[in-house]
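Here's the letter readout for the chains.
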Amino acid sequence: MTGASGRTGSRVARAARAAGFTVRAASRATGFDFWDGSTWAGTLRGADAAYLAHPMDVGAPGAAEVIGAVAREAVRLGVRRLVLLSARGEDQSLPTEEALHASGADWTVVRAAWFAQNFSEGPLVAELRERGELVFPAGGVREPFLDVRDIADVVVTALTAGDRYAGRTLDLSGPRLLTFGEAVAEIAGATGRPLRYRAVSTRDYGEALAGFGVPRKEVAALTAIFDTLLDGRYAHLSDGVREVLGRPPRDFADFVREEAAAGTWTA
Ligand SMILES: NC(=O)c1ccc[n+]([C@@H]2O[C@H](COP(=O)([O-])OP(=O)(O)OC[C@H]3O[C@@H](n4cnc5c(N)ncnc54)[C@H](OP(=O)(O)O)[C@@H]3O)[C@@H](O)[C@H]2O)c1
């Protein structure tokens, strides 16, 4: 399981262990580094299947090359069953998916909508908790926020169901479309705090990132991704969770209730 200390990988590992599988956690903390090919074989050798989560955006420059190289190394070592986490509605991720297809693996691509957990873990949560405001270039676009636990359940099923999902691209979304403003309003309602969402242009958002020291090249790649990802083309639901798990995806309100009770957004 790559990204084993991250949002999806930790939950994929937990779900796989709960289902009785032996899990090898992989990230820099365990000596597996995507940018250092000499660390790959020791982690991959002897595994039956692998979950690949690129540590930066799956459409970031260089992602296709590194995922392709890891996948080829896995196939060379006999690890043919590979599941890649990709992003729904992101044109920039297509070369990464194609690099996996070309590796000779029995591949499955899991294209995920925006994680609900972007509001509770990672770079956005601190400003929401500490400043009471989420500043983001998503305008009034509607998104079917997806609970990462559903991704984990789908990934574990895909990894362990033989060839059933080999050669398949699975589109996953949550069950309900919400604007970012409505999502923050649900969090405000559950916490009793006056939290708000402030939409900015991708250009202004990029300038703010550069101000925080993010290199200009990364800013350009990220803002290009946001421009396509958040243009409303993907403001619809996908049925991948129900298809694979035979149940509806978890609702954003359940996620909000649990995280609010855990104090995630308490100042
Ligand atoms: N956020 C969303 O809404 C969304 C939606 C669809 C798809 N995605 C995709 O999700 C992927 C990220 O997955 P995530 O959110 O589960 O991860 P994450 O929470 O961002 O965590 C990153 C993981 O990668 C590991 N890592 C960082 N640098 C590494 C390196 N050089 N070599 C090996 N491991 C490294 C980290 O552990 P160490 O620090 O120990 O190395 C950590 O386990 C991206 O490709 C993104 O495009 C995200």
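How each quantity is defined
- Residues numbered from 1 in each chain as written.
- Predicted model: local features only at pLDDT ≥ 70, side-chain atom pairs only at ≥ 80, totals over all residues.
- Heavy atoms only, no water.
- Core = buried A, V, L, I, M, F, W, Y, C linked by side-chain atoms within 4.5 Å.
- Buried < 20%, exposed > 50% of the residue type's maximum accessible area, 1.4 Å probe, protein only.
- Helix = DSSP H or I, 4+ residues; strand = E, 2+ residues; numbered from the N terminus.
- Contact = heavy atoms within 4.5 Å.
- Axes fitted to C-alpha atoms, helices over the stretch in contact; angles between N-to-C directions.
- Parallel < 35°, antiparallel > 145°, perpendicular 65-115°, else oblique.
- Left-handed = near helix turned anticlockwise from the far one by under 90°.
- Nonpolar A, V, L, I, M, F, W, Y, C, P; charged D, E, K, R; others polar.
- Pairing = 2+ DSSP bridges.
- Expected span 1.5 Å × (residues − 1).
- Salt bridge = Lys/Arg side-chain N within 4 Å of Asp/Glu carboxyl O.

Caption draft 1: Layout of the nonpolar core. Ranked by size, the top nonpolar core spans 33 residues in total, and within it F119, F136, F180 and F252 carry the most contacts. Elements that contribute at least two residues to this core include exactly α5 (125-131), β4 (133-136), α7 (180-191), α8 (202-211), α9 (216-229) and α11 (252-261). No other element matches the 5 residues that α7 contributes to this core. In this view, F180 contacts W114, F119, L134, F136, A138, V141, E143, F145, Y197 and L230; residues no more than four positions away in its chain are not counted. Core analysis: the next-biggest nonpolar cluster, separate from the first, contains 28 residues, V23, F115, V156 and V244 among them.

Caption draft 2: Up close: the packing of helix α3 (residues 63-76) against helix α4 (residues 94-101). Between α3 and α4, whose axes approach to 8 Å, the crossing angle comes to 20 degrees. On the basis of the axis angle, α3 is roughly parallel to α4. Where α3 crosses over α4, the two elements pack in a sense that is right-handed. For the pair α3 and α4, contact is made by A63, A64, I67, G68 and A71 and by P95, T96, A99 and L100, respectively. Considered class by class, the residues forming the contact of α3 with α4 number 7 nonpolar, 2 polar and no charged.

Caption draft 3: Focus on the sheet that holds strand β1 (residues 49-52). Spatially, the 4 strands line up as an open sheet ordered β1-β2-β3-β6, and their pairing is parallel. Whereas interior strands pair on both sides, the edge strands pair on one side only; in this sheet they are β1 and β6 (168-172). Strand-to-strand, the axes of this sheet are offset by a mean angle of 20 degrees, without reference to chain direction. Two strands pair when backbone bridges link them, and β1 and strand β2 (residues 81-87) are joined in this way by 4 bridges, in the parallel orientation. Directly across from A49, in β2, lies its bridge partner R81.

Caption draft 4: Local environment of helix α6 (residues 148-160). Taking 1.5 Å as the rise per residue, α6 with 13 residues should run 18 Å; its terminal C-alpha atoms sit 18 Å apart, in good agreement. Within α6, the full set of buried residues consists of V148, D150, I151, A152, V154, V155, V156, A158 and L159. Contacts from the buried residues of α6 go to α1 (7-18), β1, β2, β3 (106-112), β6 and α10 (240-245). Directly after α6, the chain includes G162, whose backbone phi takes a positive value near 60 degrees.

Caption draft 5: Broad picture of the pattern of salt bridges. Within the structure shown, the criterion is met by 20 salt bridges. In this structure, the salt-bridge partner of E243 is R168, at a minimum N-O distance of 3.0 Å. You can see E243 sitting in helix α10 and its partner R168 sitting in strand β6, a full 75 residues away along the chain. Given the relative accessible area of 39%, E243 is considered partly exposed.

Caption draft 6: A look at the side chain of S86. On the secondary structure map, S86 appears in strand β2. Looking at S86, the relative accessible area reads 4%, which means it is buried. Contact partners of S86, with chain neighbours within four places excluded, come to V58, S93, E97, V109, V110, R111 and A112.

Fair warning: the whole summary comes from geometry, so function is off the table for now.
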